[in-house]
Structure formats: structure tokens, C-alpha cells
Amino acid sequence: LKHISKDYLENIEIPLPNLATQQRIAAILDQADAIIQNNRAIVQKYDALTQSLFLDMFGDPVKNEKGWKIDILKNLCLKITDGTHFSPEPQKDGFPYVTAKHVKSFGLDFYSKPTFVSEEAHNEIYKRCTPEFGDVLYIKDGATTGIACLNTFNEPISLLSSLALLKPNYKILNNYYLCYWLNNSKVKLKLLGEFMSGAAIQRYTLTKINSFQLIIPPIYLQNQFAERVAVIEAQKQQAQLELAKSEELFQSLLQRAFKGELS
């Protein structure tokens, strides 16, 4: 078993500037951290705004106090399928291979941990599952089951079987509306309660997903919601860029502090 000895730890030499310098460094780092926390709070406010907008326009999606029409997902989508059920050999480049780890409630996060497959593997997967820009990607298997996001790839991608591909019929179902309906906390609890009771592993089959019951407001209202969300998301994206910059600044200051370059 690998370990670090007590003697080694006790004899590590640590640069120790005088107390006044330590206090100045701490003050600089505190200011940088305060900027991070402020930017993070702004991003969270945009998230809360979209959730509030959904409730204002459509009401509670489980109680359906506004009396919207209800239908099953199978009747509202042109196609519902999932990705490959075999594990292709990963590549350093090639066609993007999207899995559950890339799907977040705030959107598709592929390039922080990118994975790729060969053209041959992609072509085989694509015969079954054909994701297009704007389709809804939905985690149907594993610890993060129930999270949905929109596909933001313009080019062809391959999906793993842990993801369901939902292609809305845009005449009756808006992709933004579907995505936010699936991510609503009350909807998630309801679906888990209906389909996962007593299950050891969280997993939705395609049959279960097809039978999801949705409230269906008029399409013009769904489209209005999507337009407003697009504006909010653009502002949120700018806030996320500012958050990333502030986090990079903090890490830079931290490294300089350890090197004795910050005083």
C-alpha cells in the first residue's frame, strides 16, 4: 500500500513569508474568490429564471392546474431510440462519441472530456441512431438518469445506449419545452416513482420512455417559451464565460502565491 511517511511530512520545507505578506496574499485571494462566488450566483439566477418562466407559463407540470391536454411521448415524437449497445474502441479523434457523462442539465458538455470513435464504428451506430442539431438527448441509464439537454452538434455524432434520442414533432412539441419538462424536479420525482419503484439500478427502457405522459400546452406557447429561454441562455452563457475567467484568475493567483511571486 502506497503511503507517505510521517518523517517525510515533518521534514517538508514550506516557504514562509512574514505575517504581513501572508495577510496581503490572503486578502488578494479572498477578493478573487469573492468574484468567483458573485459570478456563480449570477449563473444560478439565470437557471432560476428559466425555471420560474416555465412555471409562470405552464403551471405545475405534475398537478396540471391549468388543465392542459395530456398525451404520451410516443405520440409527440417522430422517433425515440437509443445509442449503441456495444462499446466501440475509443479513438483520439474521429466522430464525437457522446455518453451520459457529457449530458448536463445546463447543456451538452462534450469537450471537457471528449471521446471519439472511428468512421467505421460511427457508421454502424448511425444506422440505428441519427442525432441531429436540436434533438433532445436524455440519460436513461445510471446514477444521473433523468437529465436532458439539447444536441448542439451540427455534425453527425454517435451515442451510447445510456442515452435516449428524442426527435420531437415540431408541429405539436417544441424541443426546448420537452427538455425543460424532463428536467423539472417534480417531473423527475414523478417518473422515478412510477417507473423505478423498487429498482436496484436506475434505468428507463425505451418502452417506458415512450409511455411518459406530458402536459401539452398549445405549440405557440411552447414556441414563445423557447424564444424567451434562448435570450436567457445567451445571457447565461456570457455569465459562464465570466465565471470561467474568474476561476482561471484564482488558480493563477494561487500558483503565484505558492511560488512566492504574490506579495
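Just above, that's the structure.
Overview of the structure. Computed from a prediction, not measured in an experiment: that's the story for all the values here. (Residues numbered from 1 in each chain as written. Predicted model: local features only at pLDDT ≥ 70, side-chain atom pairs only at ≥ 80, totals over all residues. Heavy atoms only, no water.)

Quick look at the layout of surface pockets
Point 1. Considering only enclosed or pocket space, the largest pocket measures out at about 1,100 Å³ in volume.
Point 2. In terms of lining, the largest pocket is formed by 38 residues, of which the most central are Ser105, Phe106, Gly107, Glu233 and Lys236.
Point 3. Listing elements by their share of the lining of the largest pocket, those giving two or more residues are α2 (19–58), β5 (107–108), β8 (148–150), α4 (175–183), α5 (185–195) and α7 (219–258).
Point 4. For the lining of the largest pocket, the element with the most residues is α7, which contributes 9 residues.
Point 5. In terms of residue class, the lining of the largest pocket is made up of 19 nonpolar, 14 polar and 5 charged. (1 Å grid on protein atoms, 1.4 Å probe; cavity = no way out; pocket = protein on both sides within 12 Å on 5 of 7 lines; lining within 4 Å. Points joined across faces, edges and corners; volume = space filled by probe spheres on them. Helix = DSSP H or I, 4+ residues; strand = E, 2+ residues; numbered from the N terminus. Nonpolar A, V, L, I, M, F, W, Y, C, P; charged D, E, K, R; others polar.)

Overview of the pairing of strand β7 (residues 136–139)
Along a regular strand, successive side chains alternate from one face of the sheet to the other.
Point 1. Burial along β7 is two-sided: the face carrying Val136 and Tyr138 and the face carrying Leu137 and Ile139 are both buried.
Point 2. In the sheet, β7 pairs with β8 via 3 bridges, with the strands oriented antiparallel. Bridge pairing in β8 links Val136 to Leu150.
Point 3. Pairing of β7 with strand β10 (residues 163–168) involves 4 bridges; the strand directions are antiparallel. The residue bridging Val136 from the neighbouring strand is Leu166, located in β10. (Buried < 20%, exposed > 50% of the residue type's maximum accessible area, 1.4 Å probe, protein only. Pairing = 2+ DSSP bridges.)

Considering unusual backbone geometry
Outside of glycine, negative phi angles account for most residues, and trans bonds account for most peptide bonds.
Point 1. One non-glycine residue with positive phi stands out, namely Asn64, at about 55 degrees.
Point 2. Asn64 sits in the buried class, given a relative accessible area of 13%.

A short note on the pattern of salt bridges
Point 1. Scanning all chains against the criterion turns up 11 salt bridges.
Point 2. As a salt-bridge pair, Lys186 and Asp60 come within 2.7 Å of each other at their nearest N and O atoms. Remark: Asp60 occurs in the loop between α2 and β1 (69–72) and Lys186 occurs in helix α5; sequence separation between them is 126 residues.
Point 3. Given a relative accessible area of 43%, Lys186 falls into the partly exposed group.
Point 4. Here Asp60 falls in the buried class, since its relative accessible area comes to 8%.
Point 5. For Asp82, the salt bridge goes to Arg128, with nearest N and O atoms at 2.2 Å. Of the two residues, Asp82 is situated in strand β2 (residues 77–82) and Arg128 in the loop between α3 (119–126) and β7; the sequence distance between them amounts to 46 residues. (Salt bridge = Lys/Arg side-chain N within 4 Å of Asp/Glu carboxyl O.)

Comments concerning the sheet that holds β10
Point 1. Spatial ordering of the open sheet is given by β2-β10-β7-β8, a layout of 4 strands whose pairing is antiparallel. A single partner strand is all that each edge strand has here, and the edge strands are β2 and β8. Mean inter-strand twist for the sheet, computed between neighbouring axes without regard to direction, equals 20 degrees.
Point 2. Pairing of β2 with β10 involves 5 bridges; the strand directions are antiparallel. Bridge pairing in β10 places Lys79 opposite Lys167.
Point 3. Each of β7, β8 and β10 is contacted by α4, which is oriented at about 160 degrees to β8, the strand it contacts most. (Axes fitted to C-alpha atoms, helices over the stretch in contact; angles between N-to-C directions. Contact = heavy atoms within 4.5 Å.)

Points about the nonpolar core
Point 1. Grouped together as the largest cluster of nonpolar side chains are 36 residues, with contacts concentrated most on Leu73, Tyr138, Leu166 and Phe212.
Point 2. Per-element accounting of this core gives the leading share, 6 residues, to α4.
Point 3. Formed by 16 residues, the second largest nonpolar core is a distinct cluster that contains Leu108, Phe116, Phe153 and Leu159. (Core = buried A, V, L, I, M, F, W, Y, C linked by side-chain atoms within 4.5 Å.)

Some details on the sheet that holds strand β9 (residues 158–159)
Point 1. Overall, mixed pairing links the 3 strands, which are arranged β6-β3-β9 in an open sheet. Only two strands of the sheet have a single neighbouring strand rather than two, namely β6 (116–117) and β9.
Point 2. Relative to β6, strand β3 (residues 95–98) runs antiparallel, the two being bridged by 2 bridges. Residue pairing for β6: Pro96 is matched across the bridge by Phe116.

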